[in-house]
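Below are the chains, spelled out letter by letter.
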Amino acid sequence: MNRVCLLGSTGFIGRSLASHFDQTGVDWVGVSRSADDAKSYSLELNGVERVIELISDCPVVVNASGSLKPADFATDFPNAMGRFWEDQRQLNNMLVSANVRRLIHISSAGTVYGEARGNGSREDDMLNPKSWYGRSKQIEEALLSETMRKTGGEFVCARVSNPFGNEDASHHGFLDVLINCIRNRNEFIAGFPRHALRDFIYAPAMAEMVANIALSDVSGVYNVACGKSIELEQLLSFVESNFDGVKIKREACICSTDVVSSVISIDKYLRHFGEVEKNNISVYQYVKSELIDIAI
């Protein structure tokens, strides 16, 4: 089995992938800005040249790196773009120097497509991101695709929806933040567009799908999602009706860059790899299991 180099191995998605690789016996090595894992090397402590050596030894590289969040672009756009561009410059230089043969890049299905069309956003749809965070993801895809084309390597883009349920990062994302607020008896501020739809995918299922793509011989773009979106308001009503002491404050959404309807098609993935039989759990099953001690 090919050895995998996992960039961003200690981030939210990276941790899920690392856990899946360990459980399935995949030989892997990680790179992060500040390593806190026995298999991960710190870019800051080891330097670029050492990281290039690590990448060179791996036929497959999965890029789950990325330190910027949507709020970074909204609060300090010049600084966020500066950091984004510098990160891209460094990553592209490392990939070229390491002569990477196969790159699987993790992108954001929830932002790059913009508003959903028809039965869900498909891989060959025109990208139409509303926010600068989403636009940065589109730019990132294009830059890395061009880098791999010039070096003769394979490029695969896995566009991931909204993961939840990473045990090592339980304060990440809408769903886990909601659960933590309820568990700690804190108020949850809900400020999203009316009738907002989101596709949530359980983190272990997401990791399984990305791993299947990475360790196969496919190329191109694949959506990694649940394939079924839910209304955020319906989710809030569910927790209010089923759990004790829930405090939710609904605020009008004034952010014009928020995607209202995010619906992701996974037909392409299903045609190539079939259903995700293991590691899958629905949003409502997860909420019930996490908050069972305060159920009404």
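Residues numbered from 1 in each chain as written. Predicted model: local features only at pLDDT ≥ 70, side-chain atom pairs only at ≥ 80, totals over all residues. Heavy atoms only, no water.

Asker: Got a sec to walk through the packing of helix H1 (residues 12–24) against helix H8 (residues 203–214)? Specific residues and values, please.
Answerer: Running from N to C, H1 and H8 cross one another at 70°; their axes reach a closest spacing of 9 Å. As far as their axial angle goes, H8 and H1 are roughly perpendicular. Mapping the contact onto sequence places Ile 13, Ser 16, Leu 17, His 20 and Phe 21 in H1 and Ala 203, Met 206, Ala 207, Glu 208, Val 210 and Ala 211 in H8. (Axes fitted to C-alpha atoms, helices over the stretch in contact; angles between N-to-C directions. Helix = DSSP H or I, 4+ residues; strand = E, 2+ residues; numbered from the N terminus. Parallel < 35°, antiparallel > 145°, perpendicular 65-115°, else oblique. Contact = heavy atoms within 4.5 Å.)

Asker: Tell me about helix H6 (residues 132–151), and please be specific about residues and values.
Answerer: For H6, spanning 20 residues, the distance from its first C-alpha to its last is 28 Å, which sits close to the expected 28 Å at 1.5 Å a residue. Every buried residue of H6 is accounted for by Tyr 133, Gly 134, Ser 136, Lys 137, Glu 140, Glu 141, Leu 144, Thr 147 and Met 148. The arc that holds the buried residues of H6, viewed along the axis, is 155°, so those residues lie on one side. Facing away from the buried surface of H6 by more than 90 degrees, the exposed residues are Arg 149 and Lys 150. Of the surrounding elements, those touching the buried residues of H6 are strand E4 (60–63), helix H3 (70–75), helix H4 (77–97), strand E5 (102–108), helix H5 (109–112) and strand E6 (154–160). Taken from the residues just after H6, Gly 152 is the one with a positive phi, measuring 80°. (Expected span 1.5 Å × (residues − 1). Buried < 20%, exposed > 50% of the residue type's maximum accessible area, 1.4 Å probe, protein only. Arc of directions from axis to C-beta.)

Asker: Just give me the short version of a nonpolar patch on the surface, but keep the residues and values in it.
Answerer: A contiguous nonpolar patch, built from Phe 77, Trp 85, Trp 132 and Ile 139 and spanning about 390 Å² of accessible area, is present on the exposed surface. Secondary-structure elements contributing two or more residues to the nonpolar patch are H4 and H6. Position of Trp 85 relative to the elements: it lies in helix H4. (Patch = residues over 30% accessible without salt bridge, like charges linked within 9 Å, V, L, I, M, F, W, Y side chains within 5 Å. Areas by Shrake-Rupley, 256 points an atom, 1.4 Å probe, with all protein chains shown as cover. Salt bridge = Lys/Arg side-chain N within 4 Å of Asp/Glu carboxyl O.)

Asker: Got a sec to walk through the sheet that holds strand E10 (residues 220–224)? Specific residues and values, please.
Answerer: The sheet built from seven strands is open, its strands ordered E3-E2-E1-E4-E5-E6-E10 with parallel pairing. The open sheet has two free edges, formed respectively by strand E3 (40–42) and E10, since each of these has just one partner strand. Neighbour-to-neighbour, the strand axes of the sheet open up by a mean angle of 20°, direction not taken into account. In terms of strand pairing, E5 meets E6 through seven bridges, oriented parallel. Looking at the pairing, His 105 lines up with Cys 157 of E6. Along the sheet, H6 contacts E4, E5 and E6; its crossing angle with E5, the most-contacted strand, is approximately 170°. (Pairing = 2+ DSSP bridges.)

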